[in-house]
Structure formats: C-alpha cells, structure tokens
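Residue-level structure breakdown
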Amino acid sequence: MSNRTMKENFPIFSKNPNLRYFDSAATALKPQILIDVLSSFYAYENGPVHRAGYALANTASDLYENAREIIATYLGTQKDHIAFTSGATDGLNKLALYYRSKPIKGILTSEIEHHSNFLPWMALAQEKNIPLHIAPYHAKDFVDLDFVEEKLKSGTVSLIALSALSNVLGQKPDLKKLVALAHQYDAKIIFDGTQHICHNTDISLPDLDCDYYVFSGHKLYGPTGVGVLYIKDPANMISPFLGGGMISDVQTDSFTPEPFPQGWEAGTPVVAQAIGLAAVVKWLSDIDFSGILQAEEKLLTSLKTGLENQGGLILGSGNKSLLSCRFDGVSATDLASLLGMKDVCVRAGKHCAHPLHCSMNLSKPSLRFSLGMYNTKEDVDATLYETEKALGKLR
Ligand SMILES: Cc1ncc(COP(=O)(O)O)c(C=O)c1O
C-alpha cells in the first residue's frame, strides 16, 4: 500500500484532502478501523471486565484479554508481561512510585528526555536524597556513553531511564549497548518507547532485554487514554496504585494483590481503549508497515534537505521519523502560525524537553516536523512551498 492510498484509511483526509499533518509525534491521526472497533464495542459489547459472570461481562473481559495478547505478541512477549496504563506518562510515574519504597542508590537519565521521563526521576531522587545523574547529549551516540559508564562504575546508579527515540531530535541510542552496560553493573534499565514504537516494526522486548518499556497508544494511531507498561520480570512487584480489581482478598488490616498485570491495573481498566489499540496493532501487522516506514524515512530526508536549503538549522543528527529546526532571526511560533493558516500542522515549542533546549542554548522555541504513515511527497512539497512563502514574510 502506498502512502497516498494509505490516506484513504484516515477519514480526516476525506473532509480535508489538503491537510498536511506533521505533528504525529504529538498525536497521530486515527484510522477508520479504530473508529469502527470503538464504535462497535461501545454499541454492542460494553461491559465490566473481570467483575461479573453474565454474557456481556464475559465478552468484554475476553475482548480485553485478547487485546493484551495481540499487543504482547506485537512486542514479541507474553501477555503476563504487559499492563495497560493510561499512557506513557502514567507508566513512568507508576514505575517511579514503585521505586519510592525500594533501596536504590541513584538514577541516571539524560538531558534529551521528554519531561515525562525526567520529572518523575528528578522528584524520586530528591525525595530519596540520592544522586540523579543527567547524561549529556552526544551527537553520535545520543548520550555520552563514557559518562554513563563512569556513573555506573561509581556504584551510584541502580536505575537508568532513557528515551529509545527522542521526540525532539528523532535520534536513537544503541539500545542493546545500553542494556548490556546497565546489566554489567547490575542496574535496571527503562526505555521510554513512546516515539520508538511508532517507527519500528521488529520490536522484540525479550531480545532487547530491557527491564521496562513504556509507550502511549495514541501516537501509534490508537486511542487516547491507553498505554502499555512492559515489565521483564514482574514477579513480586506490587503496584504503588491500589484499588478495586487488583486484589484477590482484602481484610481490614491487609490485602493480597493479584499478580502483574492485573495487580497493576487498579480501578476500572481502559477497556475500549485497549481493544481499540489492539485492533490498530493487528492492522499494522497485516499491512506492509515496515515498507511504509521506509517511505517515511525517504520523505524525512527530502523534507530535511528542503528545509536546509531554506536556511533551516536542524537540531541533532541522524534524524529518524521527525526533526526539529530553527531559522536564524525567525520566530518558530510565528512560522508555525502562518503554516497553520495553510493547513500545514507543525509544532513550535520546546516539545516538553526544556533541559535539551537549554543544553543546546536555545532559549526560544524550535519548530518540529514529525511524520506519520499517511504523509506523502505532495505533503512535503506543499509544506516546503508554504514554508518558503512564510519565511519570505517573516524575514
Ligand atoms: C518521548 C516521549 N515520552 C513520553 C511522552 C508522553 O506521552 P503521553 O503524553 O502520551 O503520556 C511523549 C509525548 O510526546 C514523548 O514524545
């Protein structure tokens, strides 16, 4: 399926064929398949899961557990290794809260992180009064590996939390190298896979061997309000969040939690969202998603060349699926506004990555173009044309 015919799967383009959507890293557009599955679930199958024995409840429970199975298979793992969350932010906060009561010596993260993979660790380190090591950006390796190794060697890192693909630079580290390094020094490693999952098809979390991996469904063409938390070895891990649905017994002075994953899904789970995400993931597995991603890479290259020819200064190196840039003497916010008036959707801001902008001496917003499976050469050409015109007005 070409990217052009791919647009037919996304109903928004039938309403606005000239929409040039380059903000998929914020949230992806939704395919018809998702809308149909959600509509059908709410219309005919909605029921409580894991709580009642009548037919409708059983159907909802089966659909929900089937969704877990489909998504686990997509990640190359088993269903008892993934819990549904409300999104990546939720998954990362849950992990940080879990470690609140654990003896850890220190945490390592990086200055490249999205705030969702930075603030929970900063807060945890401050609360426990342990070191928070912030690895500097490295043009080739993503993070400075010498810094990472030095901190690991110092014996003050029990936990590493890093992005598997930056939402600002579109750059990724050598994940396997980082996992090997972490494990060599007995540290656990968490990958924020929120952007990574959207631009890779061959993910096998057990092969990758990371300890934790999180992502959000809505950036992977799924619904909002759902995410996944993968745990390699969930035995004996008790959720920091408590409530209905996650226990096998409660007394007035004690309780027995269900094992992971149900034990980490306190409250009414995100049923429709999980079923919707599974439908999308199955659809992605059935179409030539890897071919589409290759086409996406080519589009990114021509977009990058076009922007550079217009004087765009690209942040970072080795971009994959998205890029951020700036133009000397031009406000990114003004540029994004002018483009928005022409139905070109791009993002001006610091993209929830203030420390990264700070480390790159960027006090002002940058402009981000992030691609999705529906983007075409026409989108890129039209966007470069509109950018040229807008720059003419702003310079
Ligand atoms: C790399 C990365 N991590 C975490 C998040 C947070 O995702 P959410 O807001 O869906 O929880 C984002 C969102 O932009 C992201 O790009």
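Per-chain numbering applies: the sequence of each chain, read as written, is numbered from 1 onward. In keeping with the model being predicted, local features are shown solely for residues with a pLDDT of at least 70 and side-chain atom pairs are shown and tallied solely at 80 or more, while totals for entire chains, interfaces and linings include all residues.

1. Some remarks on unusual backbone geometry
Here is the rule we go by: The way it works is that DSSP assigns letters per residue, a run of H or I at least four long becomes a helix, a run of E at least two long becomes a strand, and they are numbered from the N terminus.
With an omega dihedral of 5 degrees, the bond running from Phe260 to Pro261 counts as a cis peptide bond. Following the sequence through the fold, Pro261 ends up in the loop between β12 (255-257) and α10 (271-286). The phi dihedral of Asn236 falls on the positive side, at around 65 degrees, and the residue is not glycine. For Asn236, the position within the fold is in the loop between β10 (227-231) and β11 (247-250).

2. Concerning the packing of helix α5 (residues 88-98) against helix α6 (residues 119-128)
The condition is simple: Each axis is a line fitted through C-alpha atoms, taken for helices only over the stretch in contact, and angles between the N-to-C directions span 0 to 180 degrees. Angle categories are assigned with fixed cut-offs, so that under 35 degrees is roughly parallel, over 145 is roughly antiparallel, 65 to 115 is roughly perpendicular, and the rest are oblique. Crossings are sorted by hand: turned counterclockwise from the far helix by less than a right angle, the near helix makes the crossing left-handed, and turned clockwise it makes it right-handed. Two residues qualify as a contact pair if the distance between their C-beta atoms, derived from the backbone, is within 7 Å. Three classes are used: nonpolar for Ala, Val, Leu, Ile, Met, Phe, Trp, Tyr, Cys and Pro, charged for Asp, Glu, Lys and Arg, and polar for all others, with Gly counted as polar.
Closest axis-to-axis distance for the α5/α6 pair is 9 Å, and the angle between their directions is 15 degrees. Compared by their axis directions, α5 and α6 come out roughly parallel. Judged by the sense of rotation from one axis to the other, the crossing of α5 with α6 is right-handed. The segment α5 lies against α6, with Leu92, Asn93 and Ala96 engaging Pro120, Trp121 and Leu124. Per-class residue counts for the contact of α5 with α6 are 5 nonpolar, 1 polar and no charged.

3. Here we look at the domain arrangement of the protein chain
Where the parts come together, the accessible area they lose is often given as the size of the interface. The condition is simple: The start and end points of each domain follow an automatic or database-based domain assignment.
In terms of domain boundaries, the protein chain breaks down into domain 1 (3-29 + 288-394) and domain 2 (34-285). Listed per partner, the contact involves 23 residues of domain 1 and 25 residues of domain 2. Secondary-structure elements contributing two or more residues to the side of domain 1 that touches domain 2 are α11 (289-309), β14 (322-327) and α13 (354-359).

4. A closer look at the sheet that holds strand β17 (residues 366-370)
Here is the rule we go by: Note on pairing: DSSP must find at least two bridges between two strands before they are called paired.
Read across the open sheet, the 4 strands follow the order β13-β14-β17-β16; overall the sheet is antiparallel. Edge strands, defined here as strands with exactly one partner in the open sheet, are β13 (312-314) and β16 (347-349). The average undirected angle you get between the axes of adjacent strands in this sheet is 35 degrees. Running over the sheet, helix α12 (residues 332-341) touches β14, β16 and β17 and is turned about 160 degrees from β16.

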